[in-house]
Amino acid sequence: MLVGYARISTLEQNLDLQRDALLSAGCEKVFTDIASGIQDNREGLKETLNYLRSGDTLIVWKLDRLGRTLKHLIETVNTLATKSISFCSLQENLDTTTSSGKLIFHLFGALAEFERELIRERTRAGLKAARTRGHKGGRPRKLNIAQIKMAKLLISEGSTSITEICQTLGISRSTLYRRLKHNHCLPHHTDSTETEAKNSDGT
């Protein structure tokens, strides 16, 4: 069975283009979302993934309609593959039922891992340089998206303490947590000094 998924970001946009393309491609059922691609909790996508069964094919109009990031896209498609569900994107002419489609996704995965390794390498080099200079943090400043992603990655790996991350970025612990919370990526665990640091920040 061919199942379609369409997404627009705001009510001002229109789903008709995507829906028509999916129906023309042979989709018997189409799920939709009106939500930003960066949202983790998309009801339409949840319903889509729950509806799919072994042997089905998920079809989207364009790759960015499904994944909020390259990493998320690859993880979603790989999860589908473990359930014997294929994936197709119309605009990119990508179909995982073909050998070339599978190869492209393997390449995507390798590139995503390469990018993560570069971030880790640069971050560890920055941590080492900061420790050498005796950097202890400083006046709180704003974090850009790349820094937030870097901090989230290091926290999720558990290989670098919150203190070291804050020292490298030149921010306080409360600033880091506030920015992570604002971007919906607050970590589920902290290092042993979290409570003490939060108390010292007055939070």
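As a reminder, the structure under discussion sits directly above these lines.
This one's a predicted model, so the numbers in the text were calculated from it and none came from an experiment. (Residues numbered from 1 in each chain as written. Predicted model: local features only at pLDDT ≥ 70, side-chain atom pairs only at ≥ 80, totals over all residues. Heavy atoms only, no water.)

### Describing the pairing of strand E2 (residues 29-34)
With six bridges joining them, strand E1 (residues 2-8) and E2 adopt parallel strand pairing. Counterpart to Arg7 in the pairing with E2 is Asp33. (Pairing = 2+ DSSP bridges. Helix = DSSP H or I, 4+ residues; strand = E, 2+ residues; numbered from the N terminus.)

### What to know about the sheet that holds strand E3 (residues 57-60)
Within a beta sheet, neighbouring strands are joined by backbone hydrogen bonds and run either parallel or antiparallel to one another. Strand order in the open sheet made by the five strands is E2-E1-E3-E4-E5, with mixed pairing throughout. Each of the sheet's edge strands pairs with one partner strand only, and the pair in question is E2 and strand E5 (94-95). Across two bridges, the pairing between strand E4 (residues 86-89) and E5 is antiparallel. If you follow Cys88 over to E5, its bridge partner there is Asp95. Across the sheet, helix H2 (residues 43-51) is in contact with E1, E2 and E3; its angle to E2 comes to roughly 155°. (Contact = heavy atoms within 4.5 Å. Axes fitted to C-alpha atoms, helices over the stretch in contact; angles between N-to-C directions.)

### Some remarks on the pattern of salt bridges
Summed over the entire model, instances satisfying the criterion amount to three salt bridges. Two residues, Arg19 and Asp16, come together in a salt bridge whose shortest N-O distance is 3.5 Å. Of this pair, Arg19 and Asp16 both sit in helix H1 (residues 16-24), separated by three residues, roughly a single helical turn. Since its relative accessible area comes to 28%, Arg19 is described here as partly exposed. With a relative accessible area of 41%, Asp16 lands in the partly exposed category. With a shortest N-O distance of 3.0 Å, Arg65 and Asp64 are connected by a salt bridge. Overall, the relative accessible area of 14% leaves Arg65 in the buried class. (Salt bridge = Lys/Arg side-chain N within 4 Å of Asp/Glu carboxyl O. Buried < 20%, exposed > 50% of the residue type's maximum accessible area, 1.4 Å probe, protein only.)

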